[in-house]
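# Breakdown of the fold
The residues making up each chain are set out below.
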Amino acid sequence: MPRYAILVPLKPTSSTYMLSSLMAKVQLLWLTKEMVDVSSVGLEDLLVSLLRRIGSGDYGEQNVWLCFELVSLFLDKWDCLLEDAPLVLTSALYSFLRLLADHCRVSGIPKLENVKRLEIKFCVKMFKEQLNLSLKIGRDLVRLLQDLVHISEFKEIWNDLVCSDVSKIYQSKTSSRYFLLRITPEMETQLRFLLGNVKLGSHKRHQVWFLKKFLLGPEKETVLIDIVRFICCAVHPTNEIIRSEIMPRWAVIGWFLELCRQNQYVEGRVKLALFYDWLFFDERMDSIMNVEPAVLLMLWSIPQYPHITHSLLEFLLHLVDAYDIACRDVITRGVASAFREIERKGVVQSLDMFLSNPEIATDLKKKLANLLSCHQDIN
């Protein structure tokens, strides 16, 4: 009786999955380069999708490799992209400026050093050769650049920018599409689910899951900066959701602030992300929904967590005085306008809830009152 070999399929190992995943990415990058060469339809969407796949706070080999390949692609295919899809270059600029701020805080990873060198080369090239295109990002371009002024290649760029009429850049709000760039698709899906379906009272298990999935790791918490900016500017709930028991944006942001309290760098950047649109608020072009989470977080924290209200209000008033001294009048007008519009639209019943509240420190109430009265004088 003949004997037949019985072929038993091998159980895939984690290394097998990693190898197949890497091979798929290699093939996709090759295809993308070919698409650039022939100006293929859908190219811009594909490049944006790939940029979103670069994970923040992830310094594993595959993530560093993907970052290296993409920044190399944007440099190698510069002329083609500039002619056929110039706006995707602004998406790349936003992504690599933001990634570079994180990458420069990490040392001891040899392959990352090459990535940083190319990121700097690409970003500087954008500013020096395509400044008008770079400025299309809007006011958040200044926020990203200020984290890079310690890098010698960016000092001249920063000085030129602040010596120009930077107030015009402040007046140009950043499109919400840029805030999606540093949020992976999976993270976006979970955040929208959390803010659109999960009720207060049954939210903790969802928070724990989100924390374990996306935020555990020594450098992962830097993504909180991008998440808060995304929530403020790209997640605007309907009136039906606002009136429901669904977990509000301010509560989620409050949780994120608690997560980063031990890291002063991240906490400061998260607060700036929360308040950034306040500084240049213009009711004719800015959405009240961008500033709503911060004021409601301050308001609803007063009864049980007045230290949160104090910390946030103190930070905001410090920004008015110190963020950009040359544009202090612009910023004073912006913050005061945000408060007045918040009151006018009924987000809070009255600003007296801050100005007369015994739980808020007297010096902060005086500073806020002076800010609001200065705005009335300006008008």
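Quick note: structure is the one above.
A brief report on the enclosed structure follows.

### Some words on the packing of aromatic side chains
For the structure shown, the criterion picks out 19 aromatic pairs. Geometrically, the ring pair formed by Phe-74 and Phe-96 is edge-to-face, given 6.2 Å between the ring centres and 75° between the ring planes. Placement of Phe-74 in helix H3 (residues 61-76) and of Phe-96 in helix H5 (residues 86-103) is noted, with a sequence separation of 22 residues between them. Grouping aromatic residues by their ring pairs yields a cluster made of Trp-209, Phe-210, Phe-214, Trp-255 and Phe-256. Sitting over the ring of Tyr-265, Arg-105 keeps its end group 4.0 Å from the ring centre.

### Focus on empty space enclosed by the protein
Scanning the model with the defined rule gives two cavities of 30 Å³ or more in all. Estimates place the volume of the largest cavity at around 70 Å³. In this structure, the largest cavity is lined by Leu-97, Arg-98, Ala-101, Arg-143, Leu-144, Gln-146, Asp-147, Ile-225, Arg-269 and Leu-272. Among the elements that take part in the lining of the largest cavity, H5 stands out by supplying three residues, more than any other. Roughly 30 Å³ of volume is contained in the second largest cavity. Around the second largest cavity, the lining residues are Ile-54, Gly-55, Asp-58, Tyr-59, Asn-63, Val-64, Cys-67, Leu-99, His-103 and Leu-112. Those elements giving two or more residues to the lining of the second largest cavity turn out to be H3 and H5. The leading source of residues in the lining of the second largest cavity is H3, at three residues. Partitioning the lining of the second largest cavity into residue classes produces six nonpolar, three polar and one charged.

Criteria and thresholds
Residues numbered from 1 in each chain as written. Predicted model: local features only at pLDDT ≥ 70, side-chain atom pairs only at ≥ 80, totals over all residues. Heavy atoms only, no water. Phe/Tyr/Trp six-rings, centres within 6.5 Å; stacked < 30°, edge-to-face > 60°. Helix = DSSP H or I, 4+ residues; strand = E, 2+ residues; numbered from the N terminus. Lys NZ or Arg CZ within 6 Å of the ring centre and 35° of its normal. 1 Å grid on protein atoms, 1.4 Å probe; cavity = no way out; pocket = protein on both sides within 12 Å on 5 of 7 lines; lining within 4 Å. Points joined across faces, edges and corners; volume = space filled by probe spheres on them. Nonpolar A, V, L, I, M, F, W, Y, C, P; charged D, E, K, R; others polar.

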